[in-house]
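Observations on the three-dimensional arrangement
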Amino acid sequence: MTTMYAALLRGINVGGARKLPMADLRALLTDLGHGAVRTHLQSGQAVFAAAHGNEGSLAAELAGAIEKRFGFAVDVIVRDHAYLKAVAEACPFPAAELEAKQLHVTYFSAPVDAERFAPVDAPAFLPEEFRLGDRALYLYAPDGLGRSKLAEALARPRVNKGVVATTRNWNTVVRLVEMTGP
């Protein structure tokens, strides 16, 4: 039996650094023995079917293969369809009423708790808001991520110490659920 997964690669194809063409990523996943390989956009999303492993081992396998083949390290988070669907369904903001550029999900490599974000003075950033979920953070940024001061505060190294974090806009969140679905 196979399970559909999404691989979320952090920080590739941004600003001219760490170039990883999606055709090469698809080929690499196929070479690793995975099936039904597809990519979404150029910013590091791939879906694939795997008959073995778990999220952690699949992420480590892909990260190692990327470093070996392309010569640079990439943080990778792998999540299955059930998780991706649950994250989308648990969104605490009215996703259907918002523009996709206003709503984002940051996926974490491990569980995070509210204490980690205590140094962030959330009321000072209103109307921007965030809520925590299962290894995820939901961010409402009415003016978009590029102008979000809250996103900047949430991305500080001391806040994310010890975890890999990678953010996707709502369109990508929904598309990954669709692409990994039955």
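So, a few notes on the structure that sits alongside this text. (Residues numbered from 1 in each chain as written. Predicted model: local features only at pLDDT ≥ 70, side-chain atom pairs only at ≥ 80, totals over all residues. Heavy atoms only, no water.)

A few words on the packing of helix H1 (residues 22–31) against helix H2 (residues 55–70). Following both chains from N to C, one finds H1 and H2 inclined at 120 degrees, their axes separated by 11 Å at the closest point. With respect to each other, H1 and H2 are oriented oblique. For the pair H1 and H2, the sense of crossing is right-handed. Seen from H1, the contacting residues are Asp24, Leu25, Ala27, Leu28, Leu29 and Asp31; seen from H2, they are Leu62, Ala65, Ile66, Arg69 and Phe70. For the contact of H1 with H2, the residue count by class is eight nonpolar, no polar and three charged. (Axes fitted to C-alpha atoms, helices over the stretch in contact; angles between N-to-C directions. Helix = DSSP H or I, 4+ residues; strand = E, 2+ residues; numbered from the N terminus. Parallel < 35°, antiparallel > 145°, perpendicular 65-115°, else oblique. Left-handed = near helix turned anticlockwise from the far one by under 90°. Contact = heavy atoms within 4.5 Å. Nonpolar A, V, L, I, M, F, W, Y, C, P; charged D, E, K, R; others polar.)

Bringing the environment of Leu9 into the picture now. For Leu9, the location among the structural elements is in strand S1 (residues 3–10). With 157 residues separating them in the primary sequence, Leu9 and Thr166 have C-alpha atoms 7.6 Å apart. If near-sequence neighbours (up to four positions away) are discounted, Leu9 is found in contact with Leu20, Leu25, Ser43, Gly44, Leu62, Ile66, Val74, Asp75, Val76, Thr166 and Arg168.

So, on to the sheet that holds S1. Read across the open sheet, the four strands follow the order S2-S3-S1-S4; overall the sheet is antiparallel. Taken across any chain shown, the strands that pair with only one partner, and hence form the sheet edges, are strand S2 (35–40) and strand S4 (75–80). For this sheet, the mean angle separating the axes of adjacent strands, direction not counted, is 20 degrees. In this sheet, strand S3 (residues 45–50) lies alongside S2 in antiparallel orientation, the contact comprising four bridges. (Pairing = 2+ DSSP bridges.)

Turning to helix H3 (residues 81–89), a few remarks are in order. All of the buried residues in H3 are His81, Tyr83, Leu84, Val87 and Ala88. All buried residues of H3 fall inside an arc of 165 degrees around its axis, so they share one side. H3 presents Ala82 and Glu89 as exposed residues on the side facing more than 90 degrees away from its buried surface. In this fold, the buried residues of H3 make contact with S1, H2, S4, strand S5 (103–108), strand S7 (136–140) and helix H5 (170–180). The backbone nitrogen of Ala82 lies 3.3 Å from a side-chain oxygen of the residue at the head of H3, namely Asp80. (Buried < 20%, exposed > 50% of the residue type's maximum accessible area, 1.4 Å probe, protein only. Arc of directions from axis to C-beta. Polar contact = N/O pair within 3.5 Å; in protein donor to acceptor, adjacent residues only side chain to side chain.)

Cis geometry marks the peptide bond from Leu126 to Pro127; its omega dihedral reads 15 degrees. With respect to the helices and strands, Pro127 occurs in the loop between S5 and strand S6 (129–133). One non-glycine residue with positive phi stands out, namely Ala36, at about 50 degrees. By the element assignment, Ala36 lies in strand S2. Positioned with a positive phi, Arg135 is a non-glycine residue whose angle comes to about 55 degrees. A residue is classified by how much of its surface remains accessible, and Arg135, at 18% relative accessible area, is buried.

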